[in-house]
Amino acid sequence: MHNIAEHGRSGGGGLTIIPEDRKPVPRRQFTKLLTLTGLAALATGAWVFLRARRSKHDPEIVVASAGEIPVGGFKIFTYPTDVQPCILLRTAPDTYVAYSRLCTHNSCPVFYKPEENVLFCPCHGGVFSASDGSVLQAPPPRPLPRITIEWRGSNLVATGVMKS
Ligand code: FES
């Protein structure tokens, strides 16, 4: 099938036949394509950014195995060295998150309160979100550094420290 379009000024008033496969893309379809391309670029950029924030020297250490921690439970471990305490939380059946255990105010150890889904610092009352480590109540000035964890078979492995 072909479309017939009026020829421009240089063509002397004739008609041009445009093959179907060279028809312009409708605006709505073009916008949709542009949006999807933009989202893909954004996702790729975010992944690259997050990977770049991890230290290249962080070790990979098994910190727990499947079923070891009950839902609402936690496990204390050290990472990336033996003198840096961290806490691994199981906040839902399939959700595990890990953070440095040292409060960003004066480095007191934080404690998990699963009923409130927070990490609490007893020294000066600081509170962090157990979902993302963000500060919910001062005085801590920064979120808790997050420890990246990945499943390797039936083991949970710490793979890096996210810098905030
Ligand atoms: S050390 Fe945690 S609130 Fe001060």
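Parameters at a glance
- Residues numbered from 1 in each chain as written.
- Predicted model: local features only at pLDDT ≥ 70, side-chain atom pairs only at ≥ 80, totals over all residues.
- Pairing = 2+ DSSP bridges.
- Helix = DSSP H or I, 4+ residues; strand = E, 2+ residues; numbered from the N terminus.
- Axes fitted to C-alpha atoms, helices over the stretch in contact; angles between N-to-C directions.
- Contact = placed C-beta atoms within 7 Å.
- Buried ≥ 20, exposed ≤ 12 C-beta atoms within 10 Å, placed from the backbone.
- pLDDT = per-residue confidence, 0-100.
- Core = buried A, V, L, I, M, F, W, Y, C linked by C-beta atoms within 7 Å.

A. Structural detail: the pairing of strand S4 (residues 74-78). Sheet analysis places S4 next to strand S5 (residues 85-92), joined by five bridges and oriented antiparallel. Opposite Lys-75, over in S5, you have Leu-88 as the bridge partner. Counting the residues between successive antiparallel strands, the hairpin from S4 to S5 contains six residues.

B. Region of the structure containing the sheet that holds strand S8 (residues 118-120). Taken in spatial order, the four strands of this open sheet run S7-S8-S9-S10, and their pairing is antiparallel. Two strands lie at the open edges of the sheet, namely strand S7 (111-113) and strand S10 (135-137), each paired on one side alone. Between one strand and the next, the sheet's axes are offset by a mean angle of 35°, whatever the strand orientation. Pairing geometry for S8 and strand S9 (residues 127-129), over three bridges, is antiparallel. Directly across from Phe-120, in S9, lies its bridge partner Val-127.

C. A look at the environment of Pro-139. Here Pro-139 lies in the loop between S10 and strand S11 (146-152). Sequence separation between Pro-139 and His-105 is 34 residues; the distance between their C-alpha atoms is 6.4 Å. Not counting residues up to four positions away in its chain, the partners in contact with Pro-139 are His-105, His-124 and Gly-126.

D. The environment of Ala-98, seen in detail. Its location among the elements puts Ala-98 in strand S6 (residues 95-100). Ala-98 gets classed as buried once you count the C-beta atoms within 10 Å, which come to 25. In sequence terms Ala-98 and Leu-88 are ten residues apart; their C-alpha atoms lie 4.2 Å from each other. Beyond its immediate sequence surroundings of up to four residues, Ala-98 is in contact with Cys-86, Ile-87, Leu-88, Ile-147, Ile-149 and Ala-158.

E. Representation of the sheet that holds S11 within the structure. Taken in spatial order, the six strands line up as S3-S12-S11-S6-S5-S4 in an open sheet, and their pairing is antiparallel. Every interior strand has two partners, whereas the edge strands, strand S3 (61-65) and S4, have only one. Looking at each pair of strands side by side, their axes are set apart by 35° on average, direction ignored. In the sheet, S5 pairs with S6 via six bridges, with the strands oriented antiparallel. Note on S6: the bridge partner recorded for Ala-92 is Thr-95.

F. Examining the confidence of the model for the chain more closely. The predicted model of the chain averages 82 in pLDDT, with 68% of residues at 70 or higher. When mean pLDDT is compared element by element in the chain, S9 scores highest at 98, while strand S1 (residues 2-6) scores lowest at 48.

G. Fine view of the nonpolar core. Grouped together as the largest cluster of nonpolar side chains are 24 residues, with contacts concentrated most on Ile-87, Leu-88, Ala-98, Tyr-99 and Ile-147. When contributions to this core are tallied by element, the ones reaching two or more residues are S3, S5, S6, S11 and strand S12 (155-162). Considering each element in turn, this core owes the most residues, four residues, to S5. Each residue touching Tyr-99, except ones within four places of it in the same chain, is listed here: Cys-86, Ile-87, Leu-119, Gly-133, Leu-144, Pro-145, Arg-146 and Ile-147.

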